Amino acid sequence: MIRFRHRLRPQWLHGLLTAGGACIALGCLAGGSGPGLAQPNAPVSTAAAMPPASCSAALGVNWPEAGTRIERAAPVAAGLIDGKMIPAHCELYGIMHERKGVDGQTYAIRFHMRLPEAWNGRFFFQGGGGSNGEIGDALGRVSWVRGSAITPAIMRGYAVVSQDSGHDNRLNSDPKRGGPTAFGFDPQARAEYGHASLAPVALAAKAVIAAYYHRPIARSYFLGCSKGGEEGMVFAQQHPEMFDGIMAAAPGFALPRAAVEEAWEVQRLAQLLARPVAFASFHNALTDKDLSIAGSAITKACDALDGAADGMVSNTAACTTARVRPEIEAKVCKAGETGDCLTRAKADTLYDLMRGSRKADGSPIYADWAWDPGVATPGWRVWKLGSADGKVPALNVVLGGGSLHSVFIVPPMEVPGDPQGLLDAQLRFDAQRDGQKIYATGGGFTRSPWQDVSAHSPDLSAFAARGGRLIVPHGAADPVFSLRDTLAWWDEVNARAHGQASSFARVFPVPGMNHCSGGDATDQFDGLAALEDWVEHDKAPASIPAKGDPQGRWPDRTRPLCAWPSYARYKGQGSLEDGANFACVAPSSRKPV
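Conventions used here
- Residues numbered from 1 in each chain as written.
- Predicted model: local features only at pLDDT ≥ 70, side-chain atom pairs only at ≥ 80, totals over all residues.
- Heavy atoms only, no water.
- Helix = DSSP H or I, 4+ residues; strand = E, 2+ residues; numbered from the N terminus.
- Expected span 1.5 Å × (residues − 1).
- Buried < 20%, exposed > 50% of the residue type's maximum accessible area, 1.4 Å probe, protein only.
- Polar contact = N/O pair within 3.5 Å; in protein donor to acceptor, adjacent residues only side chain to side chain.
- Contact = heavy atoms within 4.5 Å.
- 1 Å grid on protein atoms, 1.4 Å probe; cavity = no way out; pocket = protein on both sides within 12 Å on 5 of 7 lines; lining within 4 Å.
- Points joined across faces, edges and corners; volume = space filled by probe spheres on them.
- Nonpolar A, V, L, I, M, F, W, Y, C, P; charged D, E, K, R; others polar.
- Pairing = 2+ DSSP bridges.
- Phe/Tyr/Trp six-rings, centres within 6.5 Å; stacked < 30°, edge-to-face > 60°.
- Lys NZ or Arg CZ within 6 Å of the ring centre and 35° of its normal.
- Axes fitted to C-alpha atoms, helices over the stretch in contact; angles between N-to-C directions.
- Disulfide = S-S within 2.5 Å.
- Salt bridge = Lys/Arg side-chain N within 4 Å of Asp/Glu carboxyl O.
- Parallel < 35°, antiparallel > 145°, perpendicular 65-115°, else oblique.

Chemist: Which residues make up helix α4 (residues 198-213), and what values go with them?
Modeler: With 16 residues, α4 ought to run about 22 Å at 1.5 Å a step, and its terminal C-alpha atoms sit 22 Å apart, in line with that. Two residues or fewer after α4 comes H214, characterised by a positive phi angle close to 60°.

Chemist: Describe in detail the side chain of T349, supporting the description with residues and values.
Modeler: Structurally, T349 is set in helix α9 (residues 344-355). Relative accessible area serves as the criterion here: at 0%, T349 is assigned to the buried category. A polar contact of 3.1 Å, which involves the side chain of T349, links it to the side chain of R268. For T349, the side chain forms a polar contact with the main-chain oxygen of A345, separated by 2.8 Å. What T349 contacts, discounting residues up to four positions off in sequence, is R268, L269 and L272.

Chemist: If you had to explain empty space enclosed by the protein to someone new, which residues and values would you point to?
Modeler: A complete count under the given rule lists 5 cavities of 30 Å³ or more for this structure. In terms of lining, the largest cavity is formed by 18 residues, of which the most central are S314, P509, P511, Y567 and A568. When contributions to the lining of the largest cavity are tallied by element, the ones reaching two or more residues are β14 (558-562) and β15 (567-570). The element contributing the most residues to the lining of the largest cavity is β14, with 4 residues. Of the residues assigned to the lining of the largest cavity, the class counts are 12 nonpolar, 5 polar and 1 charged. Its boundaries defined by the atoms lining it, the second largest cavity holds a volume of some 90 Å³. If you trace the second largest cavity, you find it lined by E265, L353, M354, W369, A370, V375, W380, K384, A476, A477 and D478. At the level of secondary structure, the elements contributing two or more residues to the lining of the second largest cavity comprise α9 and α10 (378-384).

Chemist: Requested: an account of the pairing of strand β13 (residues 543-547), with residues and values cited.
Modeler: Within a regular strand, the side chains alternate between the two sheet faces. Alternating positions in β13 separate cleanly, I544 and A546 being buried on one face and S543, P545 and K547 remaining unburied on the opposite face. Bridge count between β13 and β14: 5 bridges; the pairing is antiparallel. By the bridge assignment for β14, K547 is matched with T558.

Chemist: I'd like a description of the packing of aromatic side chains, backed by residues and values.
Modeler: Counting across every chain of the model gives 17 aromatic pairs. With a centroid separation of 5.4 Å and 40° between ring planes, the pair formed by F125 and F222 is classed as tilted. Here F222 lies in strand β8 (residues 219-225) and F125 lies in strand β6 (residues 122-126), a separation of 97 residues in the sequence. Look at F222 and you get buried, because its relative accessible area is 0%. Through pairs of rings, three or more aromatic residues link up here, namely F123, F125, F222, F235 and F243. The ring of F243 has K206 sitting right over it, with the charged end atom 5.6 Å from the ring centre. Looking at R559, its charged tip hangs above the ring of F582, at a distance of 3.8 Å from the centre.

Chemist: A description of the sheet that holds strand β5 (residues 106-116) should follow, citing residues and the corresponding values.
Modeler: Here we have 9 strands laid out as an open sheet, ordered β1-β4-β5-β7-β6-β8-β9-β10-β11, and mixed in their pairing. Looking at which strands have only one partner, the edges of the open sheet turn out to be β1 (69-76) and β11 (505-510). On average, each strand axis in the sheet is inclined to that of its neighbour by 15°, with strand direction left out of account. Sheet topology note: the β1/strand β4 (residues 89-100) ladder contains 7 bridges and is antiparallel. The residue of β4 that forms the bridge with P75 is C90. Against the sheet, helix α5 (residues 227-238) makes contact with β6, β8, β9 (245-249) and β10 (469-475), and its axis sits at roughly 140° relative to β8, the strand it touches most. Lying over the sheet, helix α16 (residues 483-496) contacts β10 and β11, oriented at roughly 160° with respect to β11.

Chemist: Quick one: what's the story with the state of the cysteines, residue by residue and with numbers?
Modeler: Scanning the model with the defined rule gives 5 disulfides in all. Here C55 connects covalently by a disulfide to C90, the sulfurs 2.0 Å from one another. On the sign convention where negative is left-handed, the bridge of C55 and C90, at about 125° about the S-S bond, is right-handed. Separated by 35 residues along the polypeptide, C55 in the loop between α2 (22-26) and β1 and C90 in strand β4 bring together distant segments of the chain. Classification of C55 by relative accessible area gives buried; the value is 3%. Given a relative accessible area of 1%, C90 falls into the buried group. The disulfide partner of C333 is C341, and the S-S distance across this bridge is 2.0 Å. Residues C333 and C341 share a disulfide whose torsion about the S-S bond is about 95°; that sign makes it right-handed. Classification of C341 as buried rests on a relative accessible area of 5%.

Chemist: Before we move on, could you go through the pairing of β4 and cite the residues and values that matter?
Modeler: In terms of burial, β4 is a largely internal element, 9 of the 12 residues being buried. When β4 meets β5, the two strands line up antiparallel, connected through 10 bridges. Opposite C90, over in β5, you have L115 as the bridge partner. Linking β4 to β5, which pair antiparallel, is a turn of 5 residues; within it G104 sits at a positive phi near 85°.

Chemist: Break down the pattern of salt bridges for me, citing the residues and quoting the values.
Modeler: Taken as a whole and judged by the stated rule, the model has 31 salt bridges. A salt bridge links D82 to R141; its shortest N-O distance comes to 2.8 Å. Of this pair, D82 sits in the loop between β2 (79-81) and β3 (84-86) while R141 sits in the loop between β6 and β7 (159-163); the two residues are 59 residues apart in sequence, bridging distant segments of the chain. On the basis of relative accessible area, R141 is assigned to the partly exposed category, the value being 23%. Note that K346 is salt-bridged to D290, the shortest N-O span being 2.7 Å.

Chemist: Explain the packing of α4 against α5 to me, using residue names and the numbers behind them.
Modeler: Axis separation between α4 and α5 bottoms out at 10 Å; the angle between their running directions is 80°. Taken together, the axes of α4 and α5 are roughly perpendicular relative to one another. Listed contacts from α5 to L198, A199 and A202 of α4 are E231, V234 and F235. Within the contact of α4 with α5, the residues separate by chemical class into 5 nonpolar, no polar and 1 charged.

Written out as structure tokens, the structure reads:
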């Protein structure tokens, strides 16, 4: 899957895939991963040591599971970590489920906690990202925008935990089996990555908090994006008693299907290139000019549907293929034309990509995709094609090729680890035939990849019954997980709830946003504050205030993110940069075509 590390990555790719690297800016990886104290790539800290006795209370834990232990604990004084003034706290590292895998490797679940001296009585579980395998920084990140001003949970007084999902990218790496994704060959490691590490870590963290503070937790919250969004869905569907509020952003809750989709997209784009397809030329399948033409066509077709020609398509439900196609067709090259136009083959490829892969009966293997001008932004391009200059290769290839075969099919398969080998492996993968392997069992795998690494159930009845609240933000220009898949899932949830799903679950499309952040969008928003208001004050969010990325196209623009199916419509007067001049309204038609 495209969020995975690859063992042959150059330095730029290592930075892209670790928290604090360019990935945050691109919105490609979420969950605030990144090692903590005394580990590689740790956040730079200027905090001074405190008297060690302040952490001693965390050592007398009544563990829910035997064999759980604290590896180390140390007090940390108030100081800067990753540019944020973090309050005085006890920092600790725990370990559980230590074992030998069927592959002979040593596995364990490791978790990282920060316990502030001035505790607000709340617990925050920080979701992971990508292939996980890193213990996380336990700062409680609320935004995935690089340099975001949104305050992390630790600064709000939360006790925070993060975890590595049962494998370590440094220790459990095998160059013959996809490098850091080699854990997919071990059934238990795969299960812990997908879901099985979550509840044990949550329970262990709550036990630590009880031992440290000697008072009960008032409220518990989970926030994550991408793989972290899938983890939030796991909690809501499988462990509804664990959390009062969950933000599952851009959820990877259909990861195996999305992995098959990636391989199919690679094949579809490869049809535009000469055979045999060379990895070095893959980024040329669609040029920046091609994507700019497509983005402009989408803007012309749909921008004004929200009452404002502002470069953003807020009324995503009305931006249908039927509406966009005439504008793209108008830009198809006529005989002999080679200028500002799309070839017939490239236009058809765009239609196919947005429609998505299909089964023999015409039903989707994964989902279709929302038409959004964000297809012309670097954060969309780098996943599907790589950067225009080829320096950043297509992440769907270099990250998707190995992980699809290691983690998302049964039996897992070894594939060549070089970029060309990964491309060739994806080109051989038959979405209709081989795609069925995501539902297969056998060879020591008693659960299918779909059972282990998805959380797509529309049944949230237990979560709703105990008063849980779920917020699901998702970028309309997300190139990794489709907003349309999330909206279709929400419609199923709503149908099961007899039209009352908004009383406990709300989806917030983010126009223009790529994966978790990035794109031409107002992608800075405080989902934790919205959850707190909903959980603790029964103020259901009809909208969430959002602001543009400081480094983006509209750094000062604000907008309300509206609960689906409503969208932000211009009131007719006032600055287009001011969200106060927009209101959330119900669309006249919801069903995309």
